[in-house]
Every structure is written in C-alpha cells, then in structure tokens.
2 protein chains.
Amino acid sequence: MFYDAIRNDHGFQYDPFKAIVVPRPIGWITSMAADGTVNLAPYSFFNAFSQDPHYVAYGSGTAARGGPKDTLSNLEATKEFVVNLATWDLREQMNLSSTNAAPDVDEFELAGLEREASALVAPPRVKQVAAALECRHYQTVPLPGDDGTVRDHMVIGRVLGIYIDDRFIDDGRVDTAAMKPISRLGYSEYAVVTEAFRMRRPD
Amino acid sequence: MFYDAIRNDHGFQYDPFKAIVVPRPIGWITSMAADGTVNLAPYSFFNAFSQDPHYVAYGSGTAARGGPKDTLSNLEATKEFVVNLATWDLREQMNLSSTNAAPDVDEFELAGLEREASALVAPPRVKQVAAALECRHYQTVPLPGDDGTVRDHMVIGRVLGIYIDDRFIDDGRVDTAAMKPISRLGYSEYAVVTEAFRMRRPD
C-alpha cells in the first residue's frame, strides 16, 4: 500500500507511520519549571544526532489540554533537561509518567520514583536509571503544517554530562543488552532489547 | 560513572554515548546527485519527530574522506530522499551499503539490491523493503562544537508519501514485529525486534 502523507489517505483507524519508524528509543525527560516544579515525561520521537559534539533532539507535540507540553515550556524557561534511559525494569513507572497531568503534578511521586541530583544541571535524574544525559537546550525548530500553523517542534539539546551505572560497564565497554532498554513501536506496542548481534563495517 | 561530555574524559577506548542512546532506528537513505547518481547509506542518528504533519530527521557527520557525506550533498542539490526501513532480512545489504565509497559508486549494485521507482520523488526505494518514506528536504541545522566549528548537521525532512508492503498489514494495522526491524546499539552491535509487548497509556 501507498498513501499520501499530506492528505493522510491511508483509510485505517490509526495512521501506520509510528508502526514503521521503529524501534524508537525513549527519551524519558526530566525538566524543571521556573518555580522549581519538576516534570518527567517520555518522548519516543527522540535520538542522538551527533557524537562529537554530543547533541540529542526530541519532538514535542501539543499537550492534550492544548498549548505546549510542560517539558518544552520548562526547557524554554530554565534551559536544562535530563534524558533518562527507559529500561524494562522501569517500564511501568515510565508509562505512569506519560499521564496527561497538570503542570504542578510531580510525576516522580505519581510513579513512585526517587530523584537523584544531577552533576551539572538543575533537573534531577531518576535515581534508579541505568544511564542519563545531562543537557542544555540548544535550539527549538518549528515544524509547520501546510497552512503554516505550527503545533509541533523539534527541540535540540547539547549534552553536557553523561551518567552510566557502573553495574553495566565491563572492561571499559557498556553492556547495552544487560540494561534491557525498551523502545516504542506503533499503537500500544513496545519492544525490549535483551540481546545484541554484531556486524562489522565493510571498511 | 560520570563524564564531562565536552571534555570527553571517559577514559575508555570508545565513547560509550552510542551504547546508551538505544536502540536507534536505522534510516537507510536513498538520495540522488544532480547528475542522477543514486546513493544509499544507513544512518542511526535518525527518527520521526512529528506525526501530523509527518517529519523525520537524521544526523549527518563528516565523510571519512573529509567534507559532507554524499547523502547531504545530494539532498541539498536535489531536495528529495527516501528512507528505507532496515530489517533483519536485509541486514547484510544494509551493512555493505555503509562502505565509505566514492560518490560515483552505486551502493545498490555493490550490495546486490534492486531499485523500485518512488511514487512522488525521484530517488528510488530499495525494492525488497518492508516500508519506505518518500521525503522532501525541509531544513539543515548546523551542530557546532565549542570552538564554533561545524562538522555535523541535523537534516530535517517532510514526509510526502508512505509505502508499506501489504504482507505486513493485517486488518488495517501494521505487524511491526513481523517486519523484524533492526536497530543500532553501540560499538559493532545491533538488535532485532521479533516480538512486541503492550502497555496502555494511564489516561
């Protein structure tokens, strides 16, 4: 099948787009409002974009209540954020933190998670995480629709500091499969990485 | 462990960054030079960033021979590209296409792949793929280092058309696990999705 992505004439109940751009890593992002309120929310339109220097980006849609999501409002106010790695052991907590909560709701409390202070930025990381990236907001790129209306944005951040739980480091290398990272597919589907395979570059 | 991402003082042989931003979907990108030469190359700094309108982005580093990679030079010249979904059945071909070839090398031929004409853009897709996104270049965002030098870029594209092999559609839904999408981890590691688990949003 083929469909026009602008007319969105797929004819299905759900647009299959998210089911084919897969598997999407989950940036589970901590941010902080100007008044110190902490927000935690998962974003699967997320990835690294450069390694040296280290940059990451995530896509921010419109909140269910309308207007920008709390994470983006916070980033634009206080400029810093932490990307927590979403893993199998924390999948339920991650899912709980995706609730459409009011800005003053503390998703750490709601999901039964503890905070751990970051080294270089104000927002805390999730204490139990296998890895986290401490970031500074770099740029927000509007993603307009055909009529010029902008509801979605790409938010780019520079990585300042990187935390990795020592349990997952062996002889100077990270054992990614042991972390059991989870990823997002389409609909209500997720996948978990429990083993890796290897391919060497041809040159 | 914690390291400063700007000083990069991790002390390991390889920066562990790519081993913790995981699993990364692979955008296996077809582009076309002004003279019609087709290029095919995999990018794991890739994801969707918005669903309505549909936008994707990938991170482009510097070619091993210096200067921008062929995909980016092509995109800026001819404005169109196709993102092919990388799957288990095509993993060896995908890996072969990652070679640091000269601009005039046809990676389709090199990897033993056939081309299939796209519906809305000039670059072809890989004939054997489970899914492909036909895209138009939207914006290139420079990702500078601390001294202001720019070697890496984020390349954003608008999706115009979406192809999905009917074999993977059942009752209006895509069976993502049946496509066996592969993803990139750190070092020489990859993972494959062969099954999904479900979690419903809390609200």
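Residues numbered from 1 in each chain as written. Chains lettered and ligands numbered in written order. Predicted model: local features only at pLDDT ≥ 70, side-chain atom pairs only at ≥ 80, totals over all residues. Heavy atoms only, no water.

Engineer: Go over the overall build of chain A, please, and point to the residues and values.
Structural biologist: Counting its secondary structure elements, chain A contains five helices and 16 strands. Here chain A has a C-alpha radius of gyration of 18 Å; the compact-globule value for 203 residues is 17 Å, and the two agree. Overall, chain A is about 50 × 50 × 35 Å in size when its C-alpha atoms are taken along their principal axes. Out of the 203 residues belonging to chain A, those deemed buried represent 59%. (Helix = DSSP H or I, 4+ residues; strand = E, 2+ residues; numbered from the N terminus. Rg over C-alpha atoms; globule rule 2.2 N^0.38 Å. Buried < 20%, exposed > 50% of the residue type's maximum accessible area, 1.4 Å probe, protein only.)

Engineer: Pulling in residues and values, what's your account of the relation of the copies chain A and chain B?
Structural biologist: Relative to chain B, chain A is turned by 180° and slid 0.0 Å along the rotation axis, the superposed coordinates differing by an RMSD of 0.0 Å. Classification of the inter-copy transformation places it as that of a two-fold axis. Interface overlap between copies is the fraction of interface residues in one copy that are interface residues in the other; for chain A against chain B it reaches 100%, indicating a shared surface. (Least-squares fit on C-alpha atoms with pLDDT ≥ 70 in both. Contact = heavy atoms within 4.5 Å.)

Engineer: Describe the side chain of Thr 30 of chain A, with residues and values.
Structural biologist: Residues and elements named next belong to chain A. Tracing the sequence through the fold places Thr 30 in strand E3 (residues 27-32). A polar contact of 2.9 Å, which involves the side chain of Thr 30, links it to the side chain of Asn 84. The contact partners of Thr 30, leaving out residues within four places of it in the chain, are Val 38, Asn 39, Leu 40, Phe 81, Val 82, Asn 84, Phe 108, Pro 123, Pro 124 and Arg 125. (Polar contact = N/O pair within 3.5 Å; in protein donor to acceptor, adjacent residues only side chain to side chain.)

Engineer: Tell me about the nonpolar core, and please be specific about residues and values.
Structural biologist: Core analysis: the biggest nonpolar cluster contains 85 residues, and Leu 133 and Met 154 of chain A together with Leu 133 and Met 154 of chain B have the highest contact counts within it. Not counting residues within four places of it along the chain, the set of residues in contact with Leu 133 of chain B comprises Phe 17, Ile 20 and Val 21 of chain A together with Val 56, Phe 81, Val 82, Val 83, Val 159, Gly 161 and Ile 162 of chain B. (Core = buried A, V, L, I, M, F, W, Y, C linked by side-chain atoms within 4.5 Å.)

Engineer: Requested: an account of the pairing of strand E7 (residues 80-85) of chain B, with residues and values cited.
Structural biologist: All names here are of chain B. Most of E7 sits out of view: five of its six residues are buried. When strand E3 (residues 27-32) meets E7, the two strands line up antiparallel, connected through five bridges. Bridge pairing in E7 places Ile 29 opposite Val 83. Direction of pairing for E7 relative to strand E10 (residues 131-144): antiparallel, over a ladder of five bridges. Residue pairing for E10: Val 83 is matched across the bridge by Leu 133. (Pairing = 2+ DSSP bridges.)

Engineer: Give me the lowdown on the interface of chain A and chain B, citing residues and values where you can.
Structural biologist: If you look at the interface, chain A gives 97 residues, while chain B gives 97 residues. Regarding the contact of chain A and chain B, the summed buried area is about 9100 Å², with carbon and sulfur atoms giving 62% of it. Here chain A is connected to chain B by four salt bridges. A salt bridge links Asp 146 of chain A to Arg 158 of chain B; its shortest N-O distance comes to 3.0 Å. Inspection of the chain A/chain B interface yields 44 residue pairs in polar contact (both at pLDDT 80 or more). Tallying contributions element by element places strand E11 (residues 150-164) of chain A first for the side of chain A that touches chain B, with eleven residues. (Buried area = accessible area lost by both parts, 1.4 Å probe. Salt bridge = Lys/Arg side-chain N within 4 Å of Asp/Glu carboxyl O.)

Engineer: Lay out the packing of aromatic side chains in plain terms, naming residues and giving numbers.
Structural biologist: Residues and elements named next belong to chain B. This model, assessed by the stated rule, comprises 13 aromatic pairs over all chains. Ring geometry for Tyr 14 versus Tyr 187: centroids 6.2 Å apart, planes at 65°, classification edge-to-face. One end of the pair, Tyr 14, is in the loop between strand E1 (2-4) and helix H1 (17-20); the other, Tyr 187, is in the loop between strand E14 (182-184) and strand E15 (189-192), with 173 residues separating them in the sequence. Residue classification places Tyr 14 among the partly exposed residues on the basis of a relative accessible area of 43%. Ring geometry for Tyr 43 versus Tyr 58: centroids 4.6 Å apart, planes at 55°, classification tilted. Of the two residues, Tyr 43 sits in strand E4 (residues 38-43) while Tyr 58 sits in strand E6 (residues 54-60), which places them 15 residues apart along the sequence. (Phe/Tyr/Trp six-rings, centres within 6.5 Å; stacked < 30°, edge-to-face > 60°.)

Engineer: Describe unusual backbone geometry, listing the residues and the values that go with them.
Structural biologist: The omega angle of the peptide bond from Asp 52 of chain A to Pro 53 of chain A is 5°, so this bond is cis rather than trans. Checked against the element boundaries, Pro 53 of chain A lands in the loop between strand E5 (46-51) and strand E6 (54-60). At Asp 171 of chain B, a residue that is not glycine, the phi angle is positive and equals roughly 55°. Overall, Asp 171 of chain B belongs to the exposed group, its relative accessible area being 75%. Residues other than glycine seldom take positive phi values, yet Tyr 187 of chain B does so here, at roughly 50°.

Engineer: So what's going on with the side chain of Asp 15 of chain B? Which residues, and what values?
Structural biologist: For Asp 15 of chain B, the position within the fold is in the loop between E1 and H1. No salt bridge is formed by the buried Asp 15 of chain B; its nearest oppositely charged neighbour, Lys 18 of chain B, is found at 8.9 Å. At a separation of 2.5 Å, a polar atom in the side chain of Asp 15 of chain B contacts the side chain of Tyr 3 of chain B. Among the polar contacts made by the side chain of Asp 15 of chain B, one reaches the main-chain amide nitrogen of Phe 17 of chain B at a distance of 3.0 Å. Residues within four places of Asp 15 of chain B in sequence aside, it is in contact with Gln 51 and His 54 of chain A together with Tyr 3, Asn 8 and His 10 of chain B. (Lys, Arg positive; Asp, Glu negative; His and termini not counted.)

Engineer: Quick one: what's the story with the sheet that holds strand E16 (residues 197-198) of chain A, residue by residue and with numbers?
Structural biologist: What links the strands of a sheet is backbone hydrogen bonding, and the strands pair in either a parallel or an antiparallel sense. Pairing in this open sheet of four strands is antiparallel, and the strands run E16(A)-E15(B)-E14(B)-E2(B) from one edge to the other. With one partner strand each, in any of the chains shown, E16 of chain A together with strand E2 (24-25) of chain B form the two edges of the open sheet. Relative to E14 of chain B, E2 of chain B runs antiparallel, the two sharing two bridges. Counterpart to Pro 25 of chain B in the pairing with E14 of chain B is Ser 183 of chain B.

Purely geometric numbers; function is a separate question.
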